[in-house]
Amino acid sequence: MGWGSGSRLFSEIIESLEEADITHEQRKTVYSVLIEKFEDYDCDTLMECLGVDKAFDEVYRSLY
């Protein structure tokens, strides 16, 4: 079972974090937590967010 709109929501979160005054390392920390939580709730489409933010890409690729 998947959560198709999860990547769309996560993409919006990524864009918001990029606009905020948050460092690359801080975003990586946030993404680590959020990826785990989204996947706990069956969001399996986060690979669609690759390429939006290098910090996200680093965290996601380190997991998979």
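Trainee: What is the right way to look at the side chain of Asp57 in this model?
Mentor: With respect to the helices and strands, the residue Asp57 is situated in helix 3 (residues 54–63). With relative accessibility at 10%, the residue Asp57 sits in the buried group. Residues in contact with Asp57, not counting those within four places in the same chain, are Cys49, Leu50, Gly51 and Val52.

Trainee: Mind showing me how you'd approach unusual backbone geometry here?
Mentor: With the exception of glycine, most residues fall at negative phi, and the peptide bonds are largely trans. Of note in the backbone geometry, Asp42 takes a positive phi value of approximately 70° without being a glycine. Mapping Asp42 onto the fold places it in the loop between helix 2 (24–40) and helix 3.

Trainee: Would you mind showing me how to read the packing of helix 1 (residues 6–19) against helix 2 here?
Mentor: Packed helix pairs are specified by the crossing angle of their axes together with the interaxial distance, meaning the distance between the axes. In the contact formed by helix 1 and helix 2, the axes pass within 12 Å of each other and the chain directions differ by 165°. In terms of their interaxial angle, helix 1 and helix 2 are classed as roughly antiparallel. Taken as a pair, helix 1 and helix 2 cross one another with a handedness that is right-handed. Judged by residue contacts, Gly6, Leu9, Phe10, Ile13, Ile14, Leu17 and Glu18 of helix 1 engage Arg27, Val30, Tyr31, Leu34, Ile35 and Phe38 from helix 2. Residue classes in the contact of helix 1 with helix 2 are distributed as ten nonpolar, one polar and two charged.

Thresholds applied
Residues numbered from 1 in each chain as written. Predicted model: local features only at pLDDT ≥ 70, side-chain atom pairs only at ≥ 80, totals over all residues. Heavy atoms only, no water. Helix = DSSP H or I, 4+ residues; strand = E, 2+ residues; numbered from the N terminus. Buried < 20%, exposed > 50% of the residue type's maximum accessible area, 1.4 Å probe, protein only. Contact = heavy atoms within 4.5 Å. Axes fitted to C-alpha atoms, helices over the stretch in contact; angles between N-to-C directions. Parallel < 35°, antiparallel > 145°, perpendicular 65-115°, else oblique. Left-handed = near helix turned anticlockwise from the far one by under 90°. Nonpolar A, V, L, I, M, F, W, Y, C, P; charged D, E, K, R; others polar.

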